[in-house]
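Spelled out, the chains give:
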Amino acid sequence: AWVPARYTLEFIVSANPAFPMTIPVEGPSFSVLPMNHAFEFNCHVLPAIFFGVELYINSGLKYLMRNFKKYSPGMAVVVPLFVDEIYAGIIAQAKREGKYNKLMTAVTLSDGLRKVGIDLRRKIFREVLDNFGGELRLLVCGGAPINPEIVDFFSAMGITTLNGYGITECAPLITCNRNLYQKS
């Protein structure tokens, strides 16, 4: 019974030099997935404790957006369904408010400006980012591939989305895009 705990601790300690290259070790961070989820516990909660990162635990899916605003996290660890739902929600709200064309023009503008070295993403998308507390910069996602168009959409807004891959039966995370070398 002690073997999994020992290997989990060894994973965290052995990942110590590489972990900050993939996931920033500053907080606050927001725990969205249940604690019994192997990816959440081993790749988010335990490293947060190990590195001393401020960690907020969501009190339930119906409180998700309220808690994002309340805690203003800089990062969250999620699964692809979460990323898909947030994307769909942003698009649906923009369409409801008659701002869809403006949103997509802003995405194109943001991408163009970044190509010439001008990064105004946090200003251009302030209204959208405020729905997540205004500080969200990183989503680490594991479980399945994410649609590259969605990764690019979030990147245009200033939210880096890293995709991790693993085999839950063997290890919650085997490999992950690195923050500095992110690719959709």
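See the structure above.
Report follows, based on the coordinates. (Residues numbered from 1 in each chain as written. Predicted model: local features only at pLDDT ≥ 70, side-chain atom pairs only at ≥ 80, totals over all residues. Heavy atoms only, no water.)

Section: the overall build of the protein chain
Rules: Helix numbers and strand numbers start at the N terminus; a helix is a DSSP run of H or I with at least 4 residues, a strand a run of E with at least 2. The cut-offs for exposure are 20% and 50% of the maximum accessible area for each residue type, with area from a 1.4 Å probe on protein chains only; residues under the lower value are buried, those over the upper are exposed, and the others partly exposed. Whether two residues are in contact is decided by their heavy atoms: any pair within 4.5 Å suffices. In short, Shrake-Rupley with a 1.4 Å probe defines the accessible areas, and a residue's cover is counted only from the protein chains shown.
In terms of regular secondary structure, the protein chain is built from nine helices and six strands. The buried share among the 184 residues of the protein chain stands at 41%. For the protein chain, the share of sequence-separated contacts (at least 6 apart) that also reach a separation of at least 24 residues comes to 64%. Accessible surface for the protein chain amounts to roughly 10300 Å². Of this, 59% is attributable to carbon and sulfur atoms.

Let's talk about the packing of helix H6 (residues 100-115) against helix H9 (residues 148-157)
Pairs of packed helices are described in terms of their axes, by the angle between the two and the distance that separates them. Note the cut-off: Angles here are taken between N-to-C directions and fall from 0 to 180 degrees, while the axes themselves are lines fitted to C-alpha atoms, restricted in helices to the stretch in contact. When describing relative orientation, an angle under 35 degrees is termed roughly parallel and one over 145 degrees roughly antiparallel, while 65 to 115 degrees is termed roughly perpendicular and anything else oblique. Residues were grouped as follows: Ala, Val, Leu, Ile, Met, Phe, Trp, Tyr, Cys and Pro as nonpolar; Asp, Glu, Lys and Arg as charged; and all remaining residues, including Gly, as polar.
Look at H6 against H9: their axes get within 9 Å of each other, and the N-to-C directions meet at 75 degrees. Accordingly, the angle class assigned to the pair H6 and H9 is roughly perpendicular. Residues Leu-103, Met-104, Val-107, Ser-110, Asp-111 and Arg-114 of H6 lie in contact with H9, whose contacting residues are Phe-153, Ser-155 and Ala-156. Classifying every residue of the contact of H6 with H9 gives five nonpolar, two polar and two charged.

Points about unusual backbone geometry
For Ser-72, which is not glycine, the phi torsion reads 45 degrees and is therefore positive. You can call Ser-72 partly exposed: its relative accessible area is 22%.

Let's talk about the pairing of strand S3 (residues 75-78)
Under the convention used in this document: Any two strands with at least two DSSP bridges between them are considered paired.
Side chains Met-75 and Val-77 project from S3 onto one buried face, and the interleaved Ala-76 and Val-78 project onto a second face that is buried too. The pairing of strand S1 (residues 29-31) with S3 spans three bridges and is classified as parallel. Within S3, the position partnered with Ser-29 by the bridge is Met-75. Where S3 lies against strand S4 (residues 138-142), four bridges are found, and the strand directions are parallel. What sits directly across from Ala-76, in S4, is Leu-139.

A word on the side chain of Asn-58
To be explicit about the condition: Any pair of nitrogen or oxygen atoms within 3.5 Å is treated as a polar contact; in protein, a donor-acceptor pairing is required on top of that, and neighbouring residues in sequence qualify only through side-chain atoms on both sides.
Position of Asn-58 among the secondary structure elements: in the loop between strand S2 (55-57) and helix H4 (64-71). Residue classification places Asn-58 among the buried residues on the basis of a relative accessible area of 12%. Of note is the side chain of Asn-58, whose polar atom sits 2.9 Å from the backbone oxygen of Gly-60. Every residue in contact with Asn-58, bar those within four places of it in the chain, is listed here: Phe-30, Ser-31, Val-32, Tyr-63, Leu-64 and Asn-67.

A closer look at the packing of aromatic side chains
We count it as follows: Classification of ring pairs uses Phe, Tyr and Trp, with its six-membered ring standing for Trp, and accepts pairs whose centres are within 6.5 Å; under 30 degrees between planes counts as stacked, over 60 as edge-to-face, and the remaining range as tilted. Placement of a positive charge over a ring is assigned whenever Lys NZ or Arg CZ falls within 6 Å of the ring centre and within 35 degrees of the normal to the ring plane.
Under the counting rule described, the total for this entry stands at seven aromatic pairs. Joined through ring pairs, the aromatic side chains of Phe-30, Tyr-56, Phe-68, Tyr-71, Phe-82 and Phe-132 make up one cluster. The aromatic ring of Tyr-100 is capped on one face by Lys-95, whose charged end is 5.0 Å from the ring centroid.

Points about the packing of helix H5 (residues 80-96) against H9
This is how it is decided: By definition, turning the near helix anticlockwise from the far helix through less than a right angle yields a left-handed crossing, and turning it clockwise yields a right-handed one.
The contact between H5 and H9 brings their axes to 11 Å, and the two run at 65 degrees. As for the relative orientation of H5 and H9, their crossing is left-handed in sense. Here Val-83, Asp-84, Ile-86, Tyr-87, Ile-90 and Ile-91 of H5 come into contact with H9, specifically with Ile-150, Phe-153, Phe-154 and Met-157. Of the residues contributing to the contact of H5 with H9, the split by class is nine nonpolar, no polar and one charged.

Thoughts on helix H3 (residues 38-51)
Side chains that are three or four residues apart share a direction in an α-helix, a result of its 3.6 residues per turn. Our working definition: Here, expected helix span is obtained from the residue count minus one, scaled by 1.5 Å.
With 14 residues, H3 extends 19 Å between its outermost C-alpha atoms, agreeing within 8% with the 20 Å of an ideal straight helix rising 1.5 Å per residue. All of the buried residues along H3 are Phe-39, Glu-40, Asn-42, Cys-43, His-44, Val-45, Leu-46, Pro-47 and Ala-48.

None of this, on its own, says anything about what the molecule does.
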